[in-house]
Amino acid sequence: MMRKIISAVFTLAIISGVSAQGRVDGFYKGKGNLDLVLGGGTEVNSDFYAGNRPISLSRTINNVNVFIAYGITNKLDVNLSAPFISTGSESALQDGAVYLKYRILEKSLDKGTLSFSMAAGISSNLTDYQTEGLSAIGQQATVIDFRPVVHYFMNNGYFATGQFGYQTKSDPTPNAIGAAFKVGKAGSKFYYDLWYEFQVSDGGLNYLGAERPTTFKQLGTDFHRIGGTFYMPIKEKLGFFVGLSSILDGRNVGDGYGFNGGIVLKR
């Protein structure tokens, strides 16, 4: 039962604001099962990495998210997401995303189960939102993403997940590679995880760099981020979660922390 809920909990933490920890996870919904996740959060940045140099530039990003996870088959899931972002004087729907995840291999071991999946998705801006200045909501880039996912689930509920992704982005936004690693436990009464993620852009310009960008769409964004999520069911088909995240280092990204929370409805 708990394993059917985890996918939605994990992904809501992913799509809260600009935080990440990987676009997909290693758990599957099961054929015909659906999760609806409603949540929101805040990211507070006291500094900003202009290139790799931290400067004093504060920014607060608020978000509201809707996420749907559905099991098409026992080996194939589809995820849909749409975040609403508010920062400074701007508020708008940001980038909608559609992801498919397919379990290629699953092998039972003495102490658990090891699985390998492939995921692919596309995201793009839902509105003509602001891309420039302190009130920028995003880069309006269309992104095609491919990523393998390795997941190990132990019989006692502990698990570990790793994934690697390559994102092809529309011009002039540079492509990027990234990886995410997660460990946690899924029990009958609660779920928790700890995660680390990084992203490295393939070139791109820097904010306040020697070659000034004509648009923020040209910026390359790198980061190292850590965080965690806690989930608890309230009833059989209803639960709530909270999550925290923090930037460790980066390039052309805010330096601060974020928190989010929400509810999970199951059908």
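Residues numbered from 1 in each chain as written. Predicted model: local features only at pLDDT ≥ 70, side-chain atom pairs only at ≥ 80, totals over all residues. Heavy atoms only, no water.

### Describing the overall build of the protein chain
Secondary structure summary: the protein chain contains one helix and 13 strands in total. For the protein chain, the succession of helices and strands along the chain, N to C, is α-β-β-β-β-β-β-β-β-β-β-β-β-β. In terms of C-alpha radius of gyration, the protein chain reaches 18 Å, essentially the compact-globule figure of 18 Å for 267 residues. Taken along the three principal axes of its C-alpha coordinates, the protein chain extends 55 × 35 × 30 Å. (Helix = DSSP H or I, 4+ residues; strand = E, 2+ residues; numbered from the N terminus. Rg over C-alpha atoms; globule rule 2.2 N^0.38 Å.)

### A closer look at a nonpolar patch on the surface
On the surface, Leu38, Val66, Phe190, Met232, Ile234, Phe240, Val242 and Ile263 cluster together into a nonpolar patch covering about 590 Å² of accessible area. By the element assignment, Val242 lies in strand 12 (residues 238-251). Val242 gets classed as partly exposed once you look at its relative accessible area, which sits at 41%. (Patch = residues over 30% accessible without salt bridge, like charges linked within 9 Å, V, L, I, M, F, W, Y side chains within 5 Å. Areas by Shrake-Rupley, 256 points an atom, 1.4 Å probe, with all protein chains shown as cover. Salt bridge = Lys/Arg side-chain N within 4 Å of Asp/Glu carboxyl O. Buried < 20%, exposed > 50% of the residue type's maximum accessible area, 1.4 Å probe, protein only.)

### Brief notes about unusual backbone geometry
The peptide bond linking Asp171 to Pro172 adopts the cis configuration, its omega dihedral lying at 10°. Within the element layout of this structure, Pro172 appears in the loop between strand 8 (158-169) and strand 9 (176-186). Phi at Leu208 takes a positive value of approximately 65°, unusual for a residue other than glycine. With respect to the secondary-structure elements, Leu208 resides in the loop between strand 10 (191-201) and strand 11 (222-235).

### Observations regarding the packing of aromatic side chains
Taken as a whole and assessed by the stated rule, the structure comprises seven aromatic pairs. Here the aromatic rings of Tyr196 and Phe198 are separated by 6.3 Å at their centres, their planes lie at 40°, and the arrangement is tilted. Residue class for Tyr196 comes out partly exposed when judged on its relative accessible area of 28%. Look at Phe198 and you get partly exposed, because its relative accessible area is 22%. (Phe/Tyr/Trp six-rings, centres within 6.5 Å; stacked < 30°, edge-to-face > 60°.)

### Describing the pairing of strand 12
Relative to strand 12, strand 11 runs antiparallel, the two being bridged by 13 bridges. Within the sheet, the bridge partner assigned to Tyr231 lies in strand 12 and is Phe241. Bridge count for strand 12 against strand 13 (residues 254-266) is nine bridges, and the pairing is antiparallel. Each bridged residue has a counterpart across the sheet, and for Val242 the counterpart in strand 13 is Gly261. (Pairing = 2+ DSSP bridges.)

### Description of the pattern of salt bridges
Under the counting rule described, the total for this entry stands at six salt bridges. Put simply, Asp25 and Lys101 hold a salt bridge, and the shortest N to O gap is 2.8 Å. Pair noted here: Asp25 is in the loop between helix 1 (2-15) and strand 1 (34-50) and Lys101 is in strand 5 (residues 95-108), with a separation of 76 residues, a long-range link. Take Asp25: its relative accessible area is 3%, and that puts it in the buried class. Residue class for Lys101 comes out buried when judged on its relative accessible area of 2%. When the shortest N-O distance is used, the salt bridge between Asp193 and Lys182 registers 3.1 Å. Residue Asp193 is found in strand 10, and its partner Lys182 is found in strand 9; the two are separated by 11 residues along the sequence. Under the relative-accessibility criterion, Asp193 is labelled buried at 2%.

### Remarks on the pairing of strand 1
Where strand 1 lies against strand 2 (residues 53-71), 16 bridges are found, and the strand directions are antiparallel. If you follow Glu43 over to strand 2, its bridge partner there is Ile61. Here strand 1 folds back onto strand 2, and the loop between the two strands holds two residues, one of which, Gly51, carries a positive phi near 65°.

### What to know about the side chain of Lys169
In this structure, Lys169 sits in strand 8. Of the buried charged residues, Lys169 lacks a salt bridge, with Asp222 as the closest side chain of opposite charge at 8.4 Å. Ignoring anything within four residues of it in the chain, the contact list for Lys169 reads Thr142, Val143, Pro174, Asn175, Ala176 and Gln199. (Lys, Arg positive; Asp, Glu negative; His and termini not counted. Contact = heavy atoms within 4.5 Å.)

### A word on the confidence of the model for the protein chain
Low-pLDDT stretches of the model should not have their predicted coordinates read in fine detail. Averaged over all residues, the pLDDT of the protein chain is 91; the fraction at 70 or higher stands at 92%. Ranking the elements of the protein chain by mean pLDDT puts helix 1 last with 45 and strand 4 (residues 90-93) first with 98. Taken as a whole, residues 1-5 scores under 50 in pLDDT and shows 22 contacts with residues more than four places along the chain or in a different chain. A low-confidence stretch, residues 7-20 (pLDDT under 50), is modelled with 62 contacts involving residues beyond four sequence positions or located in other chains. (pLDDT = per-residue confidence, 0-100.)

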